[in-house]
There are 2 protein chains.
Amino acid sequence: MSTARIHAHYVIETGGSLESAAAAMAGEQSTGTFVALPGETPELHARHAATVERITPLDDAVVPSLSGAVASADSRYRRAEVELSFPLENVGTALPNLLATVAGNLFELQQLSGIRLEALDLPPAFGAAHPGPQFGIEGTRRLAGVQDRPIIGTIIKPSVGLTPDETAALAGDLARAGLDFIKDDELMANSPHSPFDERLSAVMHSLQDAADDTGALAMYAVNVTDELDEMLRHVDAVAEAGGTCVMVSVNAVGLGALRAVRERSSLPIHAHRNGWGAMTRHPLLGYSYAVWSQLWRLAGADQLHVNGLRNKFWEPDASVLRSARACLRPENGHPAVMPVFSSAQSADQAADTYAALGTVDLMYVCGGGIMAHPDGPAAGATSIRQAWRAAVDGVPASEYAQTHAELAAALSLFAR
Amino acid sequence: MSTARIHAHYVIETGGSLESAAAAMAGEQSTGTFVALPGETPELHARHAATVERITPLDDAVVPSLSGAVASADSRYRRAEVELSFPLENVGTALPNLLATVAGNLFELQQLSGIRLEALDLPPAFGAAHPGPQFGIEGTRRLAGVQDRPIIGTIIKPSVGLTPDETAALAGDLARAGLDFIKDDELMANSPHSPFDERLSAVMHSLQDAADDTGALAMYAVNVTDELDEMLRHVDAVAEAGGTCVMVSVNAVGLGALRAVRERSSLPIHAHRNGWGAMTRHPLLGYSYAVWSQLWRLAGADQLHVNGLRNKFWEPDASVLRSARACLRPENGHPAVMPVFSSAQSADQAADTYAALGTVDLMYVCGGGIMAHPDGPAAGATSIRQAWRAAVDGVPASEYAQTHAELAAALSLFAR
């Protein structure tokens, strides 16, 4: 019998005592129910109960963060970091069963007016049981043919409406413009207007034509998202067409399907996180990026979206950087993965991104920041490479721009 | 070309104008990006853009519900119901791609300080493209051998710690006690302590022995949740063992995997919703039950958890009843499904549940409400049948209890 334990770290809020709230969490997710039962012996409880390892109080609140919780008798809603541990023997290593245990019904407890899963420390059995990333940073760089700088990419836009041939023509132009990486939008998957097979065939021909001219095949993250059987067929089709990356809307397909893609795919998996906001945007509900990314990495993702600095979305820069650092750490015995920066990225954010992370091991994906460059996409792509060259060399972007026209034009349009 | 459209209904909150927020939503999820692009012609926009169909203002708020949104200039956060429509031609019928379109990045928009997907009106193509429930209410009743009253069930407790043989002994006792339906806990799936194959074999033998005595095989929802390949193997194993139901933690495995279970399974799918709270507990974030259940029904769920009246969780009764009514409506061309009531259910809630819904087409699952009955589980099960008999006959439970000792004992312990 293994004595290994799964450790889960939460932030909670309760109108009652922190101790009783933590005990309710441990009981709900292991041996408890709402009344004592005949089968629940002390021996069984000692061996299988979840344990409250630590309670670290935080500042109180005066109003509850979530409704439906038991009201506080003294109008104080106590917050704390809570660490629980669970016997691995209770759970096994399957990711869906891990989730049912460390998250599951906890979000429902009326003792809690706030509950968020912040971190998971998993025993080595999880790393051994799951494939993890097949390519990670090194494999993605090898297939993209890019070393010593970020992989610079763009998104096929408009998100919807282009026919396969129009998409292919645009992709070819972007590859000739010097992009390392081109991805489908998450809204472009397999629709009547842009059927997967037609788009794949048209774009790959166009990219290979461009490669004949440029000497390098741009990495194309083909959106294979679909019902499972179709998605696996798409994965095979991308490899057969000579592609080098598949993209999946991971929240939409789920953990089981992503792991099936990992087992089928001979190519890196670009994990698009659309839908993620619903799970994380409230600070006292849902999941941290650290937990979310850990699960998808175990299941096999190689490249994970982290948003970007000064993005067009709600997320503050500090949160974006925490996510990127999570991707850059090896975890559960598996190597680091590529953080994918996107959302209103342009030459403007390169210096701050490098200053914060101190690495070029990332994918830097711009939409308008490349395609709307005043001198066209090729100048846009050049402006990003220049901005990163300046950042790595420690030269202020404004100074570098004095001798690099593409960067100068980008900064005058995009700097905020 | 199909002109069918997908209609999505949201509740939103914004510090800006409702019109510009709704336009931002439509743009983000169809043809837009943050600057105008060369490929985005007026013709393309007219054909593929999402449309703002309706904005119905609600009361304003003075503080934003979610952080990270653009601040209001006049300290008013406007709320509204917003209806968008999307061309089916943009999306296709795959559920993951539907989700990426109607939800996806919307939760991230900084124009919004609240965003929740409340309802989806799908064109008939979705009903035709997806299997829907294989059994629904009628098929579940047929396999459970129960007509004209709720299917009365219980959960194997304690949630963890019982060996397969102990689980089997308890399940046999419960079947002999007259339960129609017995389910594994969501924490009991396939662990070192309770391996799936051993538990299935032991419990099925025990239930078949009990059936030899009682004349009816209790329906046993075997928790098949696991990584996909193992889960599909479990599904086959349940059918081979003579089982009549499989249970899946649907949020944990995801839509792709659940649909794969549906295509593989010859048995009803009991959809456990653990993890659901994270997606719905904040009223201005995430998803309504109506949307959530619609997706899982299309993918193939037959029985869906709805919580219960006066439950031990955070959810108000009105919300529980809305969920149950959603299950009881045929939808997308597929029949109604079984709402599963659970969480602190006992004889106490039968009358109110029947009064609110006017139907016995439901599963009524009690843990302590049966197993902790002062006269044992058989009396507990009897008390539930008596409570429902009284409810259907229009006799107050307290009056019926005067001549029914099991109900009387249950009410004196459980009534709240």
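Preceding this paragraph is the structure being described.
Now for a look at the structure at hand.

Parameters at a glance
Residues numbered from 1 in each chain as written. Chains lettered and ligands numbered in written order. Predicted model: local features only at pLDDT ≥ 70, side-chain atom pairs only at ≥ 80, totals over all residues. Heavy atoms only, no water. Helix = DSSP H or I, 4+ residues; strand = E, 2+ residues; numbered from the N terminus. Rg over C-alpha atoms; globule rule 2.2 N^0.38 Å. Buried < 20%, exposed > 50% of the residue type's maximum accessible area, 1.4 Å probe, protein only. Least-squares fit on C-alpha atoms with pLDDT ≥ 70 in both. Pairing = 2+ DSSP bridges. Axes fitted to C-alpha atoms, helices over the stretch in contact; angles between N-to-C directions. Contact = heavy atoms within 4.5 Å.

Turning our eyes to something else, we now look at the overall build of chain A. Along chain A, the regular secondary structure elements total 19 helices and 13 strands. Over its C-alpha trace chain A gives a radius of gyration of 24 Å, about what one expects of a compact globule, namely 22 Å for 416 residues. Judged by the C-alpha coordinates and their principal axes, chain A covers about 75 × 45 × 35 Å. Residues counted as buried form 64% of the 416 residues belonging to chain A.

Attention now goes to the relation of the copies chain B and chain A. Overlaying chain B on chain A yields an RMSD of 0.0 Å, the required transformation being a rotation through 180° with an accompanying axial translation of 0.0 Å. As the rotation angle and translation indicate, the two copies are arranged about a two-fold axis. When C-alpha positions in chain B are compared against the rotation axis, the closest is assigned to Gly254 of chain B, at 1.8 Å.

This part takes up the sheet that holds strand 10 (residues 285-287) of chain A. Residues and elements named next belong to chain A. What the five strands build is an open sheet, ordered 2-3-1-4-10; its pairing is mixed. Each edge of the sheet is formed by a strand with only one pairing partner; in this case those strands are strand 2 (51-57) and strand 10. Across this sheet, the average inter-strand angle for adjacent strands is 20°, counted without regard to direction. Looking at chain direction, strand 1 (residues 5-14) and strand 4 (residues 112-121) are connected through eight bridges and run antiparallel. Each bridged residue has a counterpart across the sheet, and for Ile12 the counterpart in strand 4 is Ile115. Each of strand 1, strand 3 (78-87), strand 4 and strand 10 is contacted by helix 4 (residues 95-102), which is oriented at about 40° to strand 1, the strand it contacts most. Taken strand by strand, helix 13 (residues 289-299) contacts strand 4 and strand 10, and its axis lies near 45° from that of strand 4.

Let's shift gears to unusual backbone geometry. Residue and element names in this part refer to chain A. Here the amide bond leading from Lys157 into Pro158 is cis, since omega sits at 5°, within 30 degrees of zero. Its location among the elements puts Pro158 in the loop between strand 5 (151-155) and helix 7 (164-176). Its identity as a non-glycine residue notwithstanding, Ser75 has a phi of 55°, on the positive side. By the secondary structure assignment, Ser75 is in the loop between strand 2 and strand 3. Non-glycine residue Asn307 carries a positive phi angle of around 70°.

Residue and element names in this part refer to chain B. Reading across the sheet, the five strands line up as 2-3-1-4-10 and stay open at both edges, with mixed pairing between neighbours. Each having just a single partner strand, strand 2 (51-57) and strand 10 (285-287) make up the two edges of the open sheet. If you compare each strand with its neighbour and ignore which way they point, the axes differ by 20° on average. For strand 4 (residues 112-121) and strand 10, the ladder comprises three bridges, and the chain directions are parallel. Across the sheet, Leu117 pairs through a bridge with Tyr287, a residue of strand 10. Here helix 4 (residues 95-102) sits on the sheet in contact with strand 1 (5-14), strand 3 (78-87), strand 4 and strand 10, set at roughly 40° to strand 1. Taken strand by strand, helix 13 (residues 289-299) contacts strand 4 and strand 10, and its axis lies near 45° from that of strand 4.

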